[in-house]
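Structural characterization, general
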Amino acid sequence: MTPVVHGMRIGIIGAGHIGGTLARGLVAAGHEVAIANSRGPETLRELVTEIGPGVRALDAAQAAEFGELAIVAIPFGRYAELPPDGLAGKVVIDANNYYPERDGHDARLDDDRTTSSELLAAHLPQSQVVKAFNTIRWDHLRDRGRPAGDPDRIGIPIAGDDQEAKRVVTGLVDQLGFDAVDAGSLADGRRQQPGAPVYGADLRTGELRDRLAA
Ligand SMILES: NC(=O)c1ccc[n+]([C@@H]2O[C@H](COP(=O)([O-])OP(=O)(O)OC[C@H]3O[C@@H](n4cnc5c(N)ncnc54)[C@H](OP(=O)(O)O)[C@@H]3O)[C@@H](O)[C@H]2O)c1
């Protein structure tokens, strides 16, 4: 049974392709969203007007405070700028990916000693980090959602160490029209990183499970 999460306050940090798409979808699903970028809320007027009631633009610290749950969708290389205090005690969805050519090289990631999500979790020690929405292209996130049971519905892998946090994220993924597939612990999240077989693959649930296990 998919858990249903109603009318949450959600803070989204990062207002680009992924953050903007999630804001649109989550407002449509009945949530109240605050969204932030790095340049300030006044630069988000157009996006907020387009999405309409249900979304407001704040700065990143305020959006973190606003959310009962937060989503981070920024270039991974800037994760250290995120405000740990406002995110403490909250589920934080990590949609980020590590692209060294964009983010700068990090030897710990290049050697696969750890993952970008574990580095984020270490920066946010009091948050429950769940890796989700990092595998799907933003325009597919916008366009490919389907009702539960639709034969064309695709899965989205989620990884994290906190079962309750994953339960909440599963509900949000479902509301956006996708099946959340449990990919294991945050460390297991390496199986849904760029280069992994499931990355960008838009798979139905069964095949997604098989490829994660392979
Ligand atoms: N594009 C995709 O299809 C896709 C799919 C899955 C995952 N991802 C991953 O999701 C993340 C975001 O990708 P995107 O394509 O949405 O990027 P994008 O369109 O370039 O947007 C990035 C957003 O992050 C904001 N930002 C940067 N640093 C920030 C900070 N310190 N505090 C607050 N906001 C900050 C930017 O604000 P300013 O413009 O004001 O700096 C911008 O709104 C990346 O890690 C990417 O790899 C992308």
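These numbers were taken from a predicted model, which means no experiment stands behind them. Sequence order as written defines the numbering, with residues in each chain counted from 1. Thresholds applied to this predicted model are a pLDDT of at least 70 for local features of residues and 80 or more for the giving and counting of side-chain atom pairs; totals over whole chains, interfaces and linings are not thresholded and use all residues. Where side-chain values are given, they derive from all heavy atoms of the structure, hydrogens and water being excluded.

**Comments concerning the site of the ligand**
- Working definition: residue near molecule or strand if any one of its non-hydrogen atoms lies within 4 Å of it. Near the ligand, the surroundings consist of 25 residues, among which His 17, Ser 38, Arg 39, Ile 74 and Glu 81 are the closest.
- One of the backbone nitrogen or oxygen atoms of Ile 74 is found 2.8 Å away from an oxygen atom of the ligand.
- A 3.5 Å cut-off defines polar contacts: any pair of N or O atoms within that distance qualifies, except that in protein one atom must be a possible hydrogen donor and the other a possible acceptor, and neighbouring residues in sequence count only when both atoms are side-chain atoms. At a separation of 3.3 Å, an oxygen atom of the ligand approaches a polar backbone atom of Ala 95.
- Surface burial for the ligand is 82%, taken as the share of its 900 Å² of free accessible area covered by protein chains.
- Space inside and on the surface of the protein is sampled on a 1 Å grid over the protein atoms alone, with a cavity defined as a set of points where a 1.4 Å probe fits but cannot get out and a pocket as an open set with protein on both sides within 12 Å along at least 5 of 7 lines; lining residues have an atom within 4 Å of a point. Think of it this way: if more than half of a molecule's atoms are within 2 Å of a pocket's grid points, that molecule is in the pocket or cavity. For the ligand, the cavity whose grid points lie within 2 Å of the majority of its atoms is the largest pocket.
- Residue polarity follows a fixed list, in which Ala, Val, Leu, Ile, Met, Phe, Trp, Tyr, Cys and Pro are nonpolar, Asp, Glu, Lys and Arg are charged, and the others, Gly among them, are polar. When grouped by side-chain class, the residues that make up the shell around the ligand number twelve nonpolar, eight polar and five charged. Note on areas: these come from Shrake-Rupley sampling with a 1.4 Å probe, and a residue is covered only by the protein chains present in the view.

**Looking at the pattern of salt bridges**
- Salt bridge, as used here: a side-chain nitrogen of Lys or Arg that lies within 4 Å of a carboxyl oxygen of Asp or Glu. Counted under the stated rule, the structure contains 16 salt bridges.
- Where Glu 81 meets Arg 78, a salt bridge forms, and the shortest distance between an N and an O atom there is 3.1 Å.
- The closest approach of N and O atoms between Arg 102 and Asp 103, which form a salt bridge, is 2.9 Å.
- A network of salt bridges, in which partner residues are shared, links Arg 153, Asp 174 and Asp 179.

**Considering the environment of Thr 49**
- Only runs of H or I of at least four residues qualify as helices and only runs of E of at least two qualify as strands under DSSP, and these elements are numbered from the N terminus. One can find Thr 49 in helix α2 (residues 45–51).
- We call a residue buried when its accessible area falls under 20% of the maximum for its residue type, exposed when it is over 50%, and partly exposed in between, using a 1.4 Å probe and counting protein chains only. A relative accessible area of 65% means that Thr 49 is categorised as exposed.
- Separated by 17 residues in the primary sequence, Thr 49 and Glu 32 have C-alpha atoms spaced 15 Å apart.
- There is a polar contact of 2.7 Å between the side chain of Thr 49 and the backbone oxygen of Arg 45.

**Considerations on helix α7 (residues 116–123)**
- Most of α7 is tucked away, with six of its eight residues classed as buried.
- All of the buried residues in α7 are Ser 116, Ser 117, Leu 119, Leu 120, Ala 121 and His 123.
- Considering only its buried residues, α7 is in contact with α4 (84–87), β5 (91–94), α6 (107–110) and β6 (128–131). Only heavy atoms enter the contact rule, under which two residues are in contact if any of them lie within 4.5 Å.

**A short note on the UniProt feature "domain: Pyrroline-5-carboxylate reductase catalytic N-terminal" (unreviewed entry) in the chain**
- The sites that UniProt annotates as "domain: Pyrroline-5-carboxylate reductase catalytic N-terminal" (unreviewed entry) are residues 9–98.
- The distance separating the terminal C-alpha atoms of residues 9–98 is 27 Å; by composition the span is 33% helix and 23% strand. UniProt positions are given in the numbering used here, feature names are shortened, and annotations may be inferred rather than shown by experiment.

**Examining the nonpolar core**
- We call a set of buried residues a nonpolar core when its members are Ala, Val, Leu, Ile, Met, Phe, Trp, Tyr or Cys and they connect through side-chain atoms within 4.5 Å of each other. Core analysis: the largest hydrophobic core is formed by 38 residues, its most contacted members being Ile 10, Ile 12, Leu 22, Leu 26, Leu 69 and Phe 133.
- The set of elements that each furnish at least two residues to this core consists of β1 (9–13), α1 (17–28), β2 (32–36), α2, β4 (69–72), β5, β7 (155–160) and α9 (163–175).
- With near-sequence residues (within four places) excluded, Leu 26 lies in contact with Ile 10, Ile 12, His 31, Val 33, Ile 71, Leu 172 and Leu 176.
- With 18 residues, the next largest nonpolar core counts Phe 76, Val 92, Tyr 98 and Leu 124 among its residues.

**Here we look at the sheet that holds strand β8 (residues 179–182)**
- Between any two strands, at least two bridges found by DSSP are needed for them to pair. The strand order β3-β2-β1-β4-β5-β6-β7-β8 describes an open sheet built from eight strands, whose pairing is mixed. Pairing within the sheet leaves two strands with one partner each, and these edge strands are β3 (55–57) and β8. Here the average twist between neighbouring strands, direction ignored, is 25 degrees.
- Lines fitted to the C-alpha atoms define the axes, with helices restricted to the stretch that makes contact. Angles between their N-to-C directions range from 0 to 180 degrees. Packing of α7 onto the sheet brings it into contact with β5 and β6, and relative to β6 it is tilted by some 160 degrees.

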